[in-house]
Amino acid sequence: MSKKFYLTTPLYYVNGMPHVGHVYTTVIADAIARYKRLCGLKVCALTGTDEHGLKIERAAREQEMSPQELTDKYAGEFKKTWTTLGIEFDEFIRTTEARHSVAVGEIAKRIKESGFIYLGEYSGNYCVSCEAYVPEGEKSCPDCGRATEFMTEESYFFKLSLFQEKLLSFYESNPTFVMPQTRMNEITSFVKGGLRDISISRTSFSWGIPIPDDEKHIYYVWFDALTGYLSGIGFGSDESKFNKAWPADVQLIGKDILRFHAVYWPAFLMAAGLEPPRHILVNGWWTVNGEKMSKSRGNFIGADELAEKLPADYIRYFLLREIPIGGDGDFSYEAFVKRVNSDLANDIGNLASRTLKMIQNYFDGEIPEPGASEGGDGELISFSKETVELYRKNFDNYEISKGLENVWELISATNRYLVANEPWKLARDQGKKERLATVLYNAAETIRILAAMLSPIIPDGAVSILRQLGVKTDLESIGLSSLLWGSLKVGSKIGEVEPVYPRLDLGDFGMESPAKAEAKVERKPASIKESPLISIEDFAKVEMRVGKIVKAEKVPKSSKLLRLIVDLGDEKRQVVAGIGEAYEPKTLKGRLVAVVTNLKPAKLMGVESNGMVVAASDEGNPVLVTFNEDVTLGARLR
Ligand code: ME8
C-alpha cells in the first residue's frame, strides 16, 4: 500500500473575500499535494475556514447578517475560488460544523484529564467598545483608539508553562520541524525565553463553541481553529480514518501565525497524547506594488479579481516561481506580465508548439523513430536525467522555486539543442530525414518529461502539452515513471496542435502599455458611419462566388501564407491566403468559403494567386466567411 501524506493550509477567516495572500499559501499546498501524488503517495490535502470568534461576530454585525449567514457566504466564496484556480482538496473543514465541535470537546477532555487545564482569572486592559483585551502594555485600544478599563474575568487556562523543556527537546530531535531554518531558530529562542500559561476560553462574547458544563465560556478561537486540522480527518468521529492520516506531514502557514503553530499547537497535541505534525512550512508575505495590501490603500487584490482576469496556470506559476517559500515578495501586474510572457509564452509554450508543428509537418503527425545518436543528443538526454534528480530533490525539500529553476534550465537546453541542430534545415534535405527524426524525437521526449515535471505547478498547460504529444494524461500515467527517458512511443499519433500559453498584455489589466495603445489605434475597425458610400454598380464590380477548399498547404518559408486550391463548380483555382497563423491547413479541407474571383492575378512569395478568400479582420486576426446551408459551388454573392 502506498505511503500516506497529509497536508493542510491554514483555516482562513471568513470575514471577507479571499485575496492573493490566501491564494499563495493554498497554491503552495496544492502544488505539493500534486507533486506527492505524482510520487505515488496517498495524499490527503485539507483546507477550510475558521468561522468563530469576535472578528467574525463583529463583521457579521457590520454587514447586517447573522454570524452563520456571514460564514456561509464567505466559506462559499473560498470554495469557489479554489475550484476556479484548479485547486483540489480532499477535505474541507468549517469550524461551525458539528463534527468539529465534537473534536474540540474531545481534545479539551483529553487535555483536561491529563491535568493541563485549570480555571483561573484573566486580567488586562479591556476595550468595552471592541469587547476585547488590548495587548499587554497598551493603555488605549489599537483598533478604535478609545481608553481601556482594567478588567478581570474568569477563564480556563492551558498550562503552557510546563511545556518549555518538552518543546525544546522536541525541536532538538526534529531540527526541521519548522522550515525554513530561520523560522526554526526564531521559535527556539522564543521558547527559551520562557512560556506563560495561556487563556483558552472567553466569556465576553458568544460566537464560539461553548464549554460543556460551564456554558458561559466559549473556547478561545485559536484553540478551536487549530483543532480543525484533526476534526477534518475524523478525530472524535472516525478514529480509524484519523489514525490513518495523522500526524500531518506538512502544515502550511504564513509567517504571521507561526507562534500558534510551532509552540501552542504541538503543546496542545502533546498534552492530549497526540503526535505533533512532522513539519510546519512557513511562507513569507506578499506586498502589492511595494505596500502592505489593504482595502483602504486601494491595493487589495481579491482572489476573484485574479481568477477572472487570468488563467489559473499563470497565477500559480507566478506565485510559485517568483519567490522562494519563506521569502517575502511584491505583487504587481507589471512583474506578473513580464514573468509569464517570458517563461510560459516564450519558453515552454513556444518550445512545445514549434516542436509539435515540425512533427506535424515533416512526419505527418507521427512520433518519428530516432536513429543513431550524435554529439549533442547524449548531452541532452543526460541533462534531462540530471534535471529530474535535481527537481525531485528540491521539491522533496519544498524548495519549489529552485526546482522550477532546474526545469527552466532544461527548457533552455532543449531550445539550444534545436538551434544547434536546425531541424528546419534538415527538413529540406531528403537525405537527412533520419537525423531530423532523431532531433525531433529527442526534443519531443524532453518536452514530455518537462510537462510531467510541471504538472503539479501548471496542470492545465502541462496536460495540454501531454495531450498534444498524444500521451495519456490521467493521474496514473503521470507518475514517477513518466519522468524517465524513453517512454514516448515511436509511431504514435500526436494530437491537435494548439497554442498553450498566449502572451498577456498589461492592457488586459486596465493598464495601458505603449505597444497595446498603438496596436489598438491600428486595429480598430473604421466606424461604419465614416465609410464613403458607393453605388450598387460599384458593388457589382466585385465578383464573389462560393468555393470549396479542396487542398490547403503552407507556402514554404512563410508562416502566414497558405496555398489553397478552391473548387468553384466549373473550375478549380489556386488562391494564396494570409491565414496561416490562424488556421492549420488540414482543418480547411472541405470548407466552404467566399472567393473574390475577378481580382487581377498576383504573386505572393513566388506563388501565383488567382483570387482572394474573404475573411473578417478581427483585431488583425483573419476569420473566414463560410456557409452553413447547402449551396451550389460557384453561386454568386450579391
Ligand atoms: O490567520 N501574503 O486566517 P487568515 C502571504 N484563521 N500570505 C498571506 C497574506 C499575504 N499578504 N495574507 C494572508 C488566520 N496570507 C487564522 C488561521 S489556522 C488554524 C487559523 C495567508 O484568513 C498566510 O498563510 O488571516 C496566513 O497565515 C493566512 O493567509 C492567514 O489567513
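Owing to the predicted nature of the structure, the values given are computational and were not obtained by experimental measurement.

Participant: Can you walk me through the sheet that holds strand β8 (residues 198-199) in this structure?
Facilitator: Backbone-to-backbone hydrogen bonds join strands into a sheet, with any given pair of strands oriented parallel or antiparallel. On the basis of which strands lie adjacent, the open sheet formed by four strands has the order β5-β4-β6-β8 and antiparallel pairing. Two strands bound the open sheet, and with one partner strand each, they are β5 (132-133) and β8. The pairing of strand β4 (residues 117-127) with β5 spans two bridges and is classified as antiparallel. Bridging across to β5, Tyr 126 finds its partner in Tyr 133.

Participant: Even after reading the chapter, I still don't get the domain arrangement of the protein, so can you show me in this structure?
Facilitator: Interfaces are frequently sized by the accessible area removed from exposure as the parts join. Per the domain assignment, the segments making up the protein are domain 1 (344-483) and domain 2 (524-624). Once you take the C-alpha centre of each, domain 1 and domain 2 turn out to be 36 Å apart.

Participant: I'm lost on the site of the ligand in this one. Help?
Facilitator: What surrounds the ligand is a group of 22 residues, the closest being Leu 11, Thr 25, Asp 50, Asp 256 and Trp 286. A distance of 2.8 Å is found between a nitrogen atom of the ligand and a side-chain nitrogen or oxygen belonging to Asp 50. Calculation on the ligand without its partners gives an accessible area of 670 Å², and the protein chains cover 94% of this total. For the shell around the ligand, the element with the most residues is strand β1 (residues 4-13), which contributes four residues. Tallied by class, residues from the shell around the ligand come to 12 nonpolar, eight polar and two charged.

Participant: What's the story with the sheet that holds strand β2 (residues 42-50) in this structure? I'm lost.
Facilitator: With respect to topology, six strands assemble into an open sheet ordered β3-β2-β1-β11-β12-β7, the strand pairing being parallel. Two strands bound the open sheet, and with one partner strand each, they are β3 (91-94) and β7 (178-179). Note: β2 against β3, four bridges, orientation parallel. The residue bridging Leu 46 from the neighbouring strand is Glu 91, located in β3.

Participant: Looking at this structure, how should I read the pattern of salt bridges?
Facilitator: Scanning all chains against the criterion turns up 38 salt bridges. Between Arg 339 and Asp 343 there is a salt bridge, with its nearest N and O atoms 2.9 Å apart. Highlighted residues: Arg 339 and Asp 343, both in helix α13 (residues 333-363), separated by four residues, approximately one helical turn. On the basis of relative accessible area, Asp 343 is assigned to the buried category, the value being 5%. For the salt bridge of Glu 445 with Arg 448, the shortest nitrogen-to-oxygen distance reads 2.8 Å. Here Glu 445 pairs with Arg 448, and both are found in helix α17 (residues 433-454), just three residues apart, close to one helical turn. Overall, Glu 445 belongs to the buried group, its relative accessible area being 0%.

Participant: Explain a nonpolar patch on the surface to me, please; I cannot follow it from the model alone.
Facilitator: A surface patch of nonpolar side chains, about 320 Å² in accessible area, is lined by Ile 534, Ile 536 and Phe 539. With respect to the secondary-structure elements, Phe 539 resides in helix α20 (residues 536-540). Classification of Phe 539 by relative accessible area gives partly exposed; the value is 32%.

Participant: Any chance you could explain the layout of surface pockets here in plain terms?
Facilitator: A probe matching the size of a water molecule, rolled over the atoms, marks out where space remains unfilled. By volume, the second largest pocket amounts to about 1600 Å³. Lining the second largest pocket are 46 residues; nearest its centre among them are Tyr 122, Tyr 133, Pro 135, Arg 202 and Tyr 220. Broken down by secondary-structure element, the contributors of at least two residues to the lining of the second largest pocket are α2 (54-62), β4, β5, β6 (149-158), β8, β10 (218-219), α7 (221-226) and α10 (258-271). Looking at the lining of the second largest pocket, the element that brings in the most residues is β4, giving five residues. Residues of the lining of the second largest pocket, tallied by class, amount to 26 nonpolar, nine polar and 11 charged.

Participant: Just to check I follow, could you spell out the nonpolar core for this structure?
Facilitator: Where a protein is soluble and globular, its nonpolar side chains tend to be buried together. The biggest cluster of nonpolar side chains holds 108 residues, and the ones touching the most others in it are Leu 7, Phe 331 and Ile 400. Residues within four places of Phe 331 in sequence aside, it is in contact with Val 20, Trp 286, Thr 287, Val 288, Asn 289, Ile 301, Leu 306, Phe 318, Leu 319 and Phe 336. Listed in part, the 60 residues of the second largest apolar core include Leu 46, Ile 117, Ile 200 and Ile 253.

Participant: Explain helix α12 (residues 312-322) to me, please; I cannot follow it from the model alone.
Facilitator: Since the α-helix turns once every 3.6 residues, residues separated by three or four places project in the same direction. Counting buried positions over the 11 residues of α12 gives 10, a clear majority of the element. What α12 keeps buried is the set Ala 312, Asp 313, Tyr 314, Ile 315, Arg 316, Tyr 317, Phe 318, Leu 319, Leu 320 and Arg 321.

Participant: Would you mind going over the packing of helix α5 (residues 164-173) against helix α6 (residues 181-192) with me for this structure?
Facilitator: Each pair of packed helices can be summarised by the angle the axes make with each other and by the distance between the axes. Closest axis-to-axis distance for the α5/α6 pair is 10 Å, and the angle between their directions is 155°. Relative to α6, α5 is oriented roughly antiparallel. Handedness of the crossing formed by α5 with α6: left-handed. Taken together, the residues of α6 that come into contact with α5 (itself represented by Gln 164, Leu 167, Leu 168 and Tyr 171) are Met 184, Ile 187, Thr 188, Val 191 and Lys 192. Each residue belonging to the contact of α5 with α6 can be placed in one class, and the counts come to six nonpolar, two polar and one charged.

Participant: Even after reading the chapter, I still don't get the environment of Glu 97, so can you show me in this structure?
Facilitator: On the secondary structure map, Glu 97 appears in the loop between β3 and α4 (98-113). According to the relative accessible area criterion, Glu 97 is partly exposed, its value standing at 24%. Once the C-alpha coordinates of Glu 97 and Ser 231 are considered, the two residues, 134 residues apart in sequence, prove to be 9.5 Å apart. At 2.7 Å, the side chain of Glu 97 and the side chain of Arg 99 are in polar contact.

Parameters at a glance
- Residues numbered from 1 in each chain as written.
- Predicted model: local features only at pLDDT ≥ 70, side-chain atom pairs only at ≥ 80, totals over all residues.
- Heavy atoms only, no water.
- Pairing = 2+ DSSP bridges.
- Helix = DSSP H or I, 4+ residues; strand = E, 2+ residues; numbered from the N terminus.
- Domains from an automatic or database assignment.
- Near = heavy atom within 4 Å.
- Polar contact = N/O pair within 3.5 Å; in protein donor to acceptor, adjacent residues only side chain to side chain.
- Areas by Shrake-Rupley, 256 points an atom, 1.4 Å probe, with all protein chains shown as cover.
- Nonpolar A, V, L, I, M, F, W, Y, C, P; charged D, E, K, R; others polar.
- Salt bridge = Lys/Arg side-chain N within 4 Å of Asp/Glu carboxyl O.
- Buried < 20%, exposed > 50% of the residue type's maximum accessible area, 1.4 Å probe, protein only.
- Patch = residues over 30% accessible without salt bridge, like charges linked within 9 Å, V, L, I, M, F, W, Y side chains within 5 Å.
- 1 Å grid on protein atoms, 1.4 Å probe; cavity = no way out; pocket = protein on both sides within 12 Å on 5 of 7 lines; lining within 4 Å.
- Points joined across faces, edges and corners; volume = space filled by probe spheres on them.
- Core = buried A, V, L, I, M, F, W, Y, C linked by side-chain atoms within 4.5 Å.
- Contact = heavy atoms within 4.5 Å.
- Axes fitted to C-alpha atoms, helices over the stretch in contact; angles between N-to-C directions.
- Parallel < 35°, antiparallel > 145°, perpendicular 65-115°, else oblique.
- Left-handed = near helix turned anticlockwise from the far one by under 90°.

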